[in-house]
Amino acid sequence: MTFVFDPMPTPSLPVTGDALRFPIRRIFCVGRNYAAHAIEMGKDPDRDPPFFFTKPADAVVQDGETVAYPPETENFHYEAELIVAIGTDGVNIAEAEALNHVYGYGVGNDLTRRDLQLDAREKGRPWDWGKAFDRSAPMAALHRVSDVGHLSAGAIRLTVNGAVKQEADLSELIWTVPEVISIISHSIALKAGDIIMTGTPAGVGPLVAGDICVVSIDGLGDLTTTIGPAV
Ligand code: MN
């Protein structure tokens, strides 16, 4: 097959312990999945069904890269998140089977233009401009389940210039990884290459040019992102 111009390269992430890379198909994100974060965003923490938004696969940013301060925001936020990499297709996946679809786990940062997101939220409009902008999805190397097992607990923290801003435990997730996989798969066919960002704990806040933001999860290492000047 030939195209009118070269197709875009496939976005991907490195895999720790493997020379091969993980090709990214789609990025699904869970909204408000830690109670203390839901409260800080002015919402009730509860077990209402979770809701989702997405980012384009080519929003991914590699560990160690610089992200330029994005346009049209004056309140650019970090969000530390556990990411789940799907390795096996599935529809209508039962919770008890859900972890069999996981290839691996990693550390992510759901970068957010908070002013645009909240304005959209208040007007009942889509979140895309607040969440799905260019280079909004830094992610570190994936760790295979065969190396690290499954993660239902463990510290997640985020620092800006060395100061701790977010500190929580994966056991505080309102909707667990198997529940999230099952719920998504009853609405959309999950495919190998899909990434799920599982939500952020409390303590979200702003980044400015020159900041160095580090997200860490026990057993998964660090993700370092430097914020550059607006371009
Ligand atoms: Mn998030």
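Residues numbered from 1 in each chain as written. Predicted model: local features only at pLDDT ≥ 70, side-chain atom pairs only at ≥ 80, totals over all residues. Heavy atoms only, no water.

Chemist: Explain the pattern of salt bridges to me, please; I cannot follow it from the model alone.
Modeler: When the charged atoms of two side chains with opposite charge come close together, those side chains can pair. Enumeration over the complete set of coordinates arrives at 12 salt bridges. A salt bridge links Lys-55 to Asp-110; the shortest N-O distance between them is 2.8 Å. Linking Lys-55 in strand S4 (residues 52-55) with Asp-110 in the loop between strand S9 (102-109) and strand S10 (112-113), this pair joins segments that are 55 residues apart in sequence. For the pair shown, Lys-55 and Asp-110 are each scored as buried. One salt bridge in this structure joins Glu-79 and Lys-131, with 3.1 Å as the shortest N-O distance. Of this pair, Glu-79 sits in the loop between strand S7 (76-78) and strand S8 (80-86) while Lys-131 sits in helix H4 (residues 128-131), and the two are 52 residues apart along the sequence. (Salt bridge = Lys/Arg side-chain N within 4 Å of Asp/Glu carboxyl O. Helix = DSSP H or I, 4+ residues; strand = E, 2+ residues; numbered from the N terminus. Buried < 20%, exposed > 50% of the residue type's maximum accessible area, 1.4 Å probe, protein only.)

Chemist: Could you clarify how one ought to interpret the layout of surface pockets in this entry?
Modeler: Where empty space is left becomes clear once a probe the size of a water molecule has been rolled over the atoms. Volume-wise, the largest pocket comes out at about 150 Å³. Among the residues forming the lining of the largest pocket, the class breakdown is eight nonpolar, no polar and three charged. (1 Å grid on protein atoms, 1.4 Å probe; cavity = no way out; pocket = protein on both sides within 12 Å on 5 of 7 lines; lining within 4 Å. Points joined across faces, edges and corners; volume = space filled by probe spheres on them. Nonpolar A, V, L, I, M, F, W, Y, C, P; charged D, E, K, R; others polar.)

Chemist: Can you help me understand the side chain of Asn-33 in this one?
Modeler: Here Asn-33 lies in the loop between strand S3 (27-30) and helix H1 (35-40). Residues within four places of Asn-33 in sequence aside, it is in contact with Glu-172, Leu-173, Ile-174, Trp-175, Val-180, Thr-198 and Gly-199. (Contact = heavy atoms within 4.5 Å.)

These figures come from the coordinates and say nothing about function on their own.
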